[in-house]
Amino acid sequence: MNRLTASLFRLMVNLGASELLSHKEEINDLNVFPVADGDTGNNMLACIQGGISRLQEKGSLADIANELAVGSLFAAKGNSGVIFSQFIAGLSQGLSAYEDADVAIFHQAMQEGVKRAYEVVVHPVEGTMLTVLRESVESMNQVQDLDSFEVYFEFLLEAMRHSLRHTPDLLPVLKAAGVIDSGGAGILYFFQGMAKGLGVKEEDFPESFQKPILHEPNPEEGFCTEFIFQKKPQIAFDLNEFRAKLEGFGNSIVCFEEGDLVKTHIHTREPSKVADFARTYGALVTFKADDMAEQSRRRYEPKEEDEELAPIGALVVVPNHEIGSVFTNYGASSLLVAGEAMSPSMGEFLAAMTQAKCESLIVMPNNGNEVMVAEQAAKMVKGKPVYVLPTKSVGEGLGAISIMDFACFELEDNLTRGREALKSVFALEIGQAVKGFRFDNQQVHKGDYVGFVHGDPCACGKDVVALFTKILLQLPDFAEKEVLTYFYGKSITEDQVREIEAILTKENPFLEIYAMEGKQTTYPIIACFD
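Please clarify how the overall build of the protein should be interpreted in this entry.
In terms of helices and strands, the protein carries 21 helices and 16 strands. Counting only C-alpha atoms and orienting by the principal axes, one finds that the protein spans roughly 80 × 55 × 50 Å. The proportion of buried residues among the 530 residues of the protein is 54%. Across the protein, contacts joining residues at least 24 apart in sequence account for 70% of those joining residues at least 6 apart. Within the protein, one finds 46 positive and 77 negative side-chain charges whose respective centroids are separated by 4 Å.

Printed below as a string of C-alpha cells:
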C-alpha cells in the first residue's frame, strides 16, 4: 500500500490505542523513571484516547490529523502522556496539509513528531521514549526505496525493538531495576498496533517483561504537578524564560505553548508556589498535583484478589444515565454513556469492552450508524469473546434486553432471544426536523415532528402527542398489544404524558403503559412495544 488515506490512518490509530489498552499494565509495571509511580501505560492510553474521541467518520487525512492532535493535547497527563501528545502533534502537523499521503510525506511527519517531542522537554534524558522515537525514525533515513507503508512499518518496528533493547545501557536506573524503558515500550506497542492495520505480522516483544524492584515510597519525591494557564495579553511571555524559572521549583519539566495556552508538567515539592508563579502570567484553566509517594504506595501495595467475573455481561450504549438505569434494571452490567449523538468512537468502544468484568460480552450499540464501529472494535478485544447485537435504536435495545436474562440463560440462548426480539419488537422514535425534507410523498417542514420506525420515517405532524398516538393506533394489532414502554424527554410535560395514556387506553383498556422520564433532548419520545 503506497497511500495513507484518512480512513486507513483512523483505523491504524485505533488499533494502536487498542494495543496500548491490552498491554497497559505491563507498561505500568516497567515504570521506574523518572518516578516509579506505575502510570506510564495509563497516561499514554489516556492521551491517545483523548485524540480518538474527537475523530469523525468522514474527512480528509488533514482533518483526522488535526482533530487527533487537539484531542491528545488536552487529554495528556503525566510526563509520558505529555511527551506522547507532542509527538502526535508534530506527526499530525506534518500530515495537516494533505488529503492523503505517501511514505515520504509520512516519514517527514514522523521527523516532525520527534522534533516537537524533544522541544517540549527542558532536559531530555536518553534511554527513554524520546530515544526510541529518535533512533528508530533516524534509522529509516538509511533505508532505500521505501515505496510501501508495509515495508516502512516493518523496518520501523525492527528499529524500535533494537532501540528499546538498549535503553538500560543509556539509563542506569533501568539497568539497576532490570527493565527496559516503559515509555519506549508504550511507543513500540502503539506502532505495533498501527502496523496491524496494514497487515504487518506481529513479532515477539524484544524482552520478557520484568517487574521493577519494589522500593519504599520516598516522601521526597514530591508532587506530579500539571496545569494549563491562559496567557494575559498585557504581559509579555517568553517560553524559554518561563522554563528557566520553573527549574527553581523542581525537575522533570515538560512545557509548551498552544495558541494563548501554556501546558506544563513538573515534579515539585511545592505545588502551591508553582501555581502562584503560573498565575503571574495568566489565569489557570486546569491544575492538579498528585502525591507521587502515595501513588507509589498504592501501586506496590498487595492487591486484593480479583473479583469473580460474571459468565455473561451486557454493554449498552445510552444517551444518559436516566435511560441507562432502565437498562441496568434489566440486567445490563456496563453502560457506555455517549450523549445525545449516541456515536461513541472505536476507541471508546474498545475501552468499554475491555474493561467489562465478564467472561463473554454482548454489546448493544442502539444506533444503526454505530453497529459497524462496534463490530470492528469487538474484533480487537483480547481476553474474552464479544458479540454485537445489531440494535439500531434505544427502543430496539430495550425490546431486546427485556426478554434476555443473563443469570438464567446461557450465552447462545440470550443471543437467540435478542435476535428474535429484533424481528418482532416495534421500536418508534419521535424527533423534530431541523430542516425540511420529503419522504413517501410527504413534505416535512422545519420544526415538524417526525416518527421513525426502526430508523425509517413513517409519519409527520405538528403536534407530538397527536403524532405519537396516531402511529400507535394505526398498528393493525394495536388492540392486542399488552405492554408499551416509552421514555419521554425534557420537552414533554406531565400533562402530555397523561394525555397519551388517556388516548391509548381508550382504544385498548388492557394496555399497560410504562412512561419513564428519560430527560433526552434529541428524540422527545423513544418507545417500544414488546
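Additional details are given in the paragraphs that follow.
I tried to follow the pattern of salt bridges on my own but got confused; where do I start?
It is possible for side chains of opposite charge to pair when their charged atoms get near one another. What the rule picks out here adds up to 15 salt bridges. Across the pair Glu 138 and Arg 134 runs a salt bridge, and its minimum N-O distance is 3.4 Å. Here the residue Glu 138 and the residue Arg 134 both occupy positions in helix α7 (residues 129-139), the gap between them amounting to 4 residues, near one helical turn. One connected set of salt bridges, linked through shared partners, spans Arg 3, Asp 100 and Asp 102.

I would appreciate a short explanation of the domain arrangement of the protein in the present structure.
Parsing the protein into structural domains produces domain 1 (6-196), domain 2 (223-300), domain 3 (310-424) and domain 4 (426-529). Here domain 3 and domain 4 have C-alpha centroids that lie 24 Å from each other. Contacts between domain 3 and domain 4 engage 12 residues on the former and 16 residues on the latter. For the pair domain 3 and domain 4, the two sides together bury roughly 1,200 Å², of which 64% comes from carbon and sulfur. It is Glu 322, Ile 323 and Glu 340 in domain 3 that bury the most area against domain 4; as a group they hold 36% of the surface buried on that side. Taken together, domain 3 and domain 4 are joined by 0 salt bridges. Looking at the side of domain 3 that touches domain 4, its residues break down into 4 nonpolar, 5 polar and 3 charged.

What is the right way to look at the confidence of the model for the protein in this model?
Low-pLDDT portions of the prediction should not be read for the details of their coordinates. For the protein, per-residue confidence averages 84 on the pLDDT scale, and 91% of positions sit at 70 or higher. Every residue in residues 206-219 is under pLDDT 50, and counting partners more than four places away or in other chains gives 34 contacts.

Sorry, what's going on with the packing of helix α3 (residues 40-52) against helix α4 (residues 61-75) here?
Axis angle and axis distance: for two packed helices, these are the angle between their axes and the distance between the axes, and together they describe the pair. Remark: α3 packs on α4, axes separated minimally by 6 Å, with the N-to-C direction vectors making an angle of 140°. With respect to each other, α3 and α4 are oriented oblique. The interaxial crossing formed by α3 with α4 has right-handed handedness. Contacts between α3 and α4 involve Ala 46, Cys 47, Ile 48, Gly 50, Gly 51 and Ile 52 from the first element and Glu 67, Leu 68, Gly 71, Ser 72 and Ala 75 from the second.

Before we go on, may I ask you to explain the nonpolar core in this structure?
The nonpolar side chains of a soluble globular protein tend to be buried with one another. Ile 48, Phe 84, Phe 87, Leu 95, Phe 153, Phe 191 and Met 353 are the most contacted members of the largest nonpolar core, which totals 119 residues. When residues in this core are grouped by element, the largest group, 9 residues, is from helix α1 (residues 6-22). Val 453, Phe 478, Leu 484 and Val 497 belong to the second-largest nonpolar core, a separate cluster that totals 26 residues.

Just to check I follow, could you spell out the environment of Asp 169 for this structure?
Secondary-structure assignment places Asp 169 in helix α9 (residues 167-170). Its relative accessible area of 49% is what places Asp 169 among the partly exposed residues.

Would you take a moment to explain the sheet that holds strand β12 (residues 449-453) for this structure?
Where strands meet in a sheet, backbone hydrogen bonds hold them as pairs that are either parallel or antiparallel. Across the sheet, 6 strands lie side by side as β13-β12-β9-β16-β14-β15; this open sheet has mixed pairing. Edge positions in the open sheet fall to β13 (456-461) and β15 (512-517), since each of these has one partner strand only. Neighbour-to-neighbour, the strand axes of this sheet turn through a mean angle of 20°, independent of strand direction. By the bridge criterion, 5 bridges tie strand β14 (residues 483-488) to strand β16 (residues 525-529) in an arrangement that is antiparallel.

Looking at this structure, how should I read the pairing of strand β5 (residues 310-318)?
A regular strand carries its side chains on alternate faces of the sheet. Within β5, 7 of the 9 residues are buried, which leaves the element mostly enclosed by the surrounding structure. As paired elements, β5 and strand β7 (residues 358-364) share 6 bridges and run parallel to each other. Following the sheet pairing, Leu 315 is matched in β7 by Val 363. Direction of pairing for β5 relative to strand β6 (residues 334-337): parallel, over a ladder of 4 bridges. Looking at β6, one finds that Val 317 is bridged to Leu 336. Viewed along the sheet, the connection from β5 through helix α15 (residues 321-329) into β6 turns out right-handed.

Would you explain the side chain of Arg 243 in this entry?
Summarising the element assignment, Arg 243 is placed in helix α12 (residues 239-246). Glu 119 provides the closest opposite charge to the buried, salt-bridge-free Arg 243, at an N-O distance of 7.0 Å. With sequence-adjacent residues up to four places away left out, Arg 243 is seen in contact with Glu 119, Val 120, Val 122, Ile 253, Cys 255 and Phe 256.

How do you make sense of the pairing of β7 when you look at a structure like this?
Within β7, 6 of the 7 residues are buried, leaving the element largely enclosed by the surrounding structure. Of the strand pairs in this sheet, β7 and strand β8 (residues 386-388) are connected by 3 bridges, and their pairing is parallel. Residue Leu 361 lies in a different strand from β8, and its bridge partner there is Val 386.

Before we go on, may I ask you to explain helix α6 (residues 103-119) in this structure?
Residue pairs spaced three or four apart in an α-helix point in one direction, given the helix's 3.6 residues per turn. Taking 1.5 Å as the rise per residue, α6 with 17 residues should run 24 Å; its terminal C-alpha atoms sit 24 Å apart, in good agreement. Turning to α6, the residues buried within the fold contact α5 (78-95), α7, α8 (149-165), α11 (182-196) and β2 (250-258). For α6, the side-chain oxygen to backbone nitrogen distance between the N-cap and Ala 104 is 3.2 Å, and the N-cap itself is Asp 102.

Explain the sheet that holds β6 to me, please; I cannot follow it from the model alone.
Spatially, 4 strands are ordered β6-β5-β7-β8 in an open sheet, and the strand pairing comes out parallel. The open sheet has two edge strands, β6 and β8, and neither has a second partner. The sheet shows a mean angle of 20° between the axes of neighbouring strands, taken without regard to direction. Strands β5, β7 and β8 of the sheet are contacted by helix α19 (residues 411-424), whose axis makes an angle of about 5° with β7.

Each value, and the rule that gives it
- Residues numbered from 1 in each chain as written.
- Predicted model: local features only at pLDDT ≥ 70, side-chain atom pairs only at ≥ 80, totals over all residues.
- Heavy atoms only, no water.
- Helix = DSSP H or I, 4+ residues; strand = E, 2+ residues; numbered from the N terminus.
- Buried < 20%, exposed > 50% of the residue type's maximum accessible area, 1.4 Å probe, protein only.
- Contact = heavy atoms within 4.5 Å.
- Lys, Arg positive; Asp, Glu negative; His and termini not counted.
- Charge placed at Lys NZ, Arg CZ, Asp CG, Glu CD.
- Salt bridge = Lys/Arg side-chain N within 4 Å of Asp/Glu carboxyl O.
- Domains from an automatic or database assignment.
- Buried area = accessible area lost by both parts, 1.4 Å probe.
- Nonpolar A, V, L, I, M, F, W, Y, C, P; charged D, E, K, R; others polar.
- pLDDT = per-residue confidence, 0-100.
- Axes fitted to C-alpha atoms, helices over the stretch in contact; angles between N-to-C directions.
- Parallel < 35°, antiparallel > 145°, perpendicular 65-115°, else oblique.
- Left-handed = near helix turned anticlockwise from the far one by under 90°.
- Core = buried A, V, L, I, M, F, W, Y, C linked by side-chain atoms within 4.5 Å.
- Pairing = 2+ DSSP bridges.
- Right-handed = clockwise from strand over helix to strand, strands pointing away.
- Expected span 1.5 Å × (residues − 1).
- Polar contact = N/O pair within 3.5 Å; in protein donor to acceptor, adjacent residues only side chain to side chain.

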